[in-house]
Amino acid sequence: MPVKIRLQRHGSKKRPFYFIVVADARSPRDGKFIQKLGTYNPLTVPATIQIDRQKSLEWLHKGAQPTDTVRRILSFKGVLYLKHLLRGVKLGLFDEATAMVKFQAWHEEHEANNARRSAANRRQVKDSRQAPVIKKVEAAAPVAEAPAQEAAPEAPAADAAAE
């Protein structure tokens, strides 16, 4: 029985909201699932992701295959990096305490970057709302005069040919 970690869609039309679930690969997208791991809301900037790291790590160790989107979500939240570090512990490359120190350092840097991106987005939205709309009327007037000037010299040439 192949098991997948995938998204289960909820929410209304054009307002998606997803549950991250572990389900049998043969079950329908919004059908029966084994366990709920978290939620994903793509409408917020940045996207809101809440996931239980331990449960998802357990399912990955059991062999559950994430879909492409869920793989990106797990990577973004650091679950795949933690799995990578724990594999290094299992191979004897370093101890578990070192792995956790590396993960904590990555997590703090990642959260700082997310906070910076979120603040920049809020600032950009605020600035775009306050920016006045300026219409350039002067630029449109010379464009309208140019065809009139071209038509005027042609008219005398046509009169001279008629005489």
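Cut-offs applied
Note that residues are indexed from 1 along each chain, following the sequence as it is written. In view of the model being predicted, local features appear only for residues whose pLDDT reaches at least 70, and side-chain atom pairs are presented and counted only at 80 or more, with totals across whole chains, interfaces and linings using the full set of residues. For side-chain calculations, the full set of non-hydrogen atoms in the structure is used, while hydrogens and water are omitted. Geometry is summarised by axes, namely lines fitted to C-alpha atoms with helices restricted to the contacting stretch, and by angles between N-to-C directions that run from 0 to 180 degrees. Secondary structure is summarised from DSSP: a helix means a run of H or I of at least four residues, a strand means a run of E of at least two, and numbering begins at the N terminus for each. Comment on the angle field: the value is read as roughly parallel under 35 degrees, roughly antiparallel over 145, roughly perpendicular from 65 to 115, and oblique elsewhere. Residue contacts are defined here by distance: any two heavy atoms, one from each residue, within 4.5 Å place the two residues in contact. Each residue gets one label: Ala, Val, Leu, Ile, Met, Phe, Trp, Tyr, Cys and Pro are nonpolar, Asp, Glu, Lys and Arg are charged, and the others, such as Gly, are polar. Throughout, exposure labels follow a simple rule: accessible area from a 1.4 Å probe, protein chains only, divided by the maximum for the residue type, with under 20% read as buried, over 50% as exposed, and the rest as partly exposed. To be clear, the arc concerns the directions from the helix axis to the C-beta atoms. Residues adjacent in sequence count toward polar contacts only when both atoms are side-chain atoms; beyond that, a polar contact is any pair of N or O atoms within 3.5 Å, and within protein one must be able to donate a hydrogen and the other to accept it. Each reported salt bridge corresponds to a side-chain nitrogen of Lys or Arg within 4 Å of a carboxyl oxygen of Asp or Glu. Confidence scores here are pLDDT values: one per residue, from the predictor, ranging 0 to 100. Two strands are said to pair when DSSP picks up at least two bridges between them. Patch construction takes residues with relative accessible area above 30% that form no salt bridge. Like charges are linked within 9 Å, and nonpolar side chains (Val, Leu, Ile, Met, Phe, Trp, Tyr) are linked within 5 Å. In short, Shrake-Rupley with a 1.4 Å probe defines the accessible areas, and a residue's cover is counted only from the protein chains shown. Within this scheme the basic residues Lys and Arg register as positive and the acidic residues Asp and Glu register as negative, but His and the chain ends are omitted. To locate a charge, take NZ of a lysine, CZ of an arginine, CG of an aspartate or CD of a glutamate.

**Some words on the packing of helix α2 (residues 68–77) against helix α4 (residues 96–130)**
Move 1: Running from amino to carboxyl end, α2 crosses α4 at an angle of 105°, the nearest separation of the two axes being 10 Å. Here α4 runs roughly perpendicular to α2, going by the angle between their axes. Judged by residue contacts, S75, F76 and K77 of α2 engage W106, H110, N114 and R117 from α4.
Move 2: When grouped by side-chain class, the residues that make up the contact of α2 with α4 number two nonpolar, three polar and two charged.

**Some thoughts on α2**
Move 1: Residues of α2 that are buried: V70, I73, L74 and K77. For α2, the arc enclosing every buried residue in end-on projection is 95°, short of the 170-degree limit, so these residues lie on one face. With respect to the buried face of α2, the exposed residues turned more than 90 degrees away are D68 and R72.
Move 2: G78, located one to two residues past α2, shows a positive phi value of around 90°.

**Remarks on the side chain of N41**
Move 1: Looking at the element boundaries, N41 is found in strand β3 (residues 35–41).
Move 2: A polar contact of 3.2 Å, which involves the side chain of N41, links it to the backbone nitrogen of L43.
Move 3: Non-local contacts of N41, meaning those with residues more than four positions away in its chain, are made with P16, F17, A47 and T48.

**Quick word on the pattern of salt bridges**
Move 1: The tally for this structure, following the rule as stated, stands at three salt bridges.
Move 2: Where R26 meets D24, a salt bridge forms, and the shortest distance between an N and an O atom there is 3.0 Å.
Move 3: A residue is classified by how much of its surface remains accessible, and R26, at 63% relative accessible area, is exposed.
Move 4: Note that K55 is salt-bridged to D52, the shortest N-O span being 4.0 Å.
Move 5: We classify K55 as partly exposed; its relative accessible area is 30%.

**Re the confidence of the model for the chain**
Move 1: Per-residue confidence for the chain gives a mean pLDDT of 86, with 82% of residues at or over 70.
Move 2: For the chain, per-element mean pLDDT is lowest for helix α5 (residues 140–162), which scores 56, and highest for β3, which scores 97.

**Considerations on the sheet that holds strand β1 (residues 3–12)**
Move 1: Strand order in this open sheet of five strands is β4-β3-β2-β1-β5, and the pairing throughout is mixed. Edge strands, defined here as strands with exactly one partner in the open sheet, are β4 (48–51) and β5 (65–66).
Move 2: One ladder, built from five bridges, connects strand β2 (residues 15–24) with β3; its direction is antiparallel. From the neighbouring strand, F19 faces β3, where its bridge partner is T39.
Move 3: Lying over the sheet, helix α1 (residues 53–62) contacts β1, β2, β3, β4 and β5, oriented at roughly 120° with respect to β3.

**Brief notes about the pairing of β1**
Two faces, one strand: in a regular strand the side chains alternate between the faces of the sheet.
Move 1: Inspection of the sheet shows β1 paired to β2 by 10 bridges, in the antiparallel sense. In the sheet register, R6 faces β2, and the bridge partner there is V21.
Move 2: Between β1 and β2, which pair antiparallel and follow one another directly, the connecting turn spans two residues, one of which, K14, has a positive phi of 65°.
Move 3: As paired elements, β1 and β5 share two bridges and run parallel to each other. Within the sheet, the bridge partner assigned to I5 lies in β5 and is P66.

**Re a positive patch on the surface**
Move 1: Among the surface-exposed residues, R71, K83, R87 and K90 lie close enough to one another that they form a single positively charged patch.
Move 2: With three residues, the single largest contributor to the positive patch is helix α3 (residues 79–91).
Move 3: For R87, the position within the fold is in helix α3.

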